[in-house]
Amino acid sequence: MGYRYECRACRGESTKVDSREEAEQVQQLHRAVEHGGLAPTQGDIVRPSRIPVPQGAPPVSPGRALALLGLLTAALLIARLLSQ
């Protein structure tokens, strides 16, 4: 499960990282750069990402790919026949 860092004071948000430790490192870096090393008074939070981030294109089964190719071929043939 991925984690991310959110700063409520400046509404900053990190990209998804793999572990809580990495998110805490992002938190410390953000505090150092944006808030002079101090924790913002409005708080900040490290928590698991609620929305999963897909990695790559969704898989397509070979059967579906062939069916789509067949439909496309049939549509092209029908379009060619109707245009004559």
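Residues numbered from 1 in each chain as written. Predicted model: local features only at pLDDT ≥ 70, side-chain atom pairs only at ≥ 80, totals over all residues. Heavy atoms only, no water.

A word on the overall build of the protein
Counting secondary structure elements, the protein contains 2 helices and 3 strands. What you see in the protein, going N to C, is helices and strands ordered as β-β-α-β-α. Across the 84 residues in the protein, those meeting the buried criterion constitute 21%. Nonlocal contacts in the protein, meaning residues at least 24 apart in sequence, comprise 49% of its contacts between residues at least 6 apart. For the protein, the exposed surface amounts to about 6,800 Å²; the carbon and sulfur share of it is 60%. (Helix = DSSP H or I, 4+ residues; strand = E, 2+ residues; numbered from the N terminus. Buried < 20%, exposed > 50% of the residue type's maximum accessible area, 1.4 Å probe, protein only. Contact = heavy atoms within 4.5 Å. Areas by Shrake-Rupley, 256 points an atom, 1.4 Å probe, with all protein chains shown as cover.)

Re a nonpolar patch on the surface
A contiguous nonpolar surface patch, about 440 Å² in accessible area, is contributed by Leu66, Leu69, Leu72 and Leu76. Looking at the secondary structure, you find Leu69 in helix H2 (residues 62-83). (Patch = residues over 30% accessible without salt bridge, like charges linked within 9 Å, V, L, I, M, F, W, Y side chains within 5 Å. Salt bridge = Lys/Arg side-chain N within 4 Å of Asp/Glu carboxyl O.)

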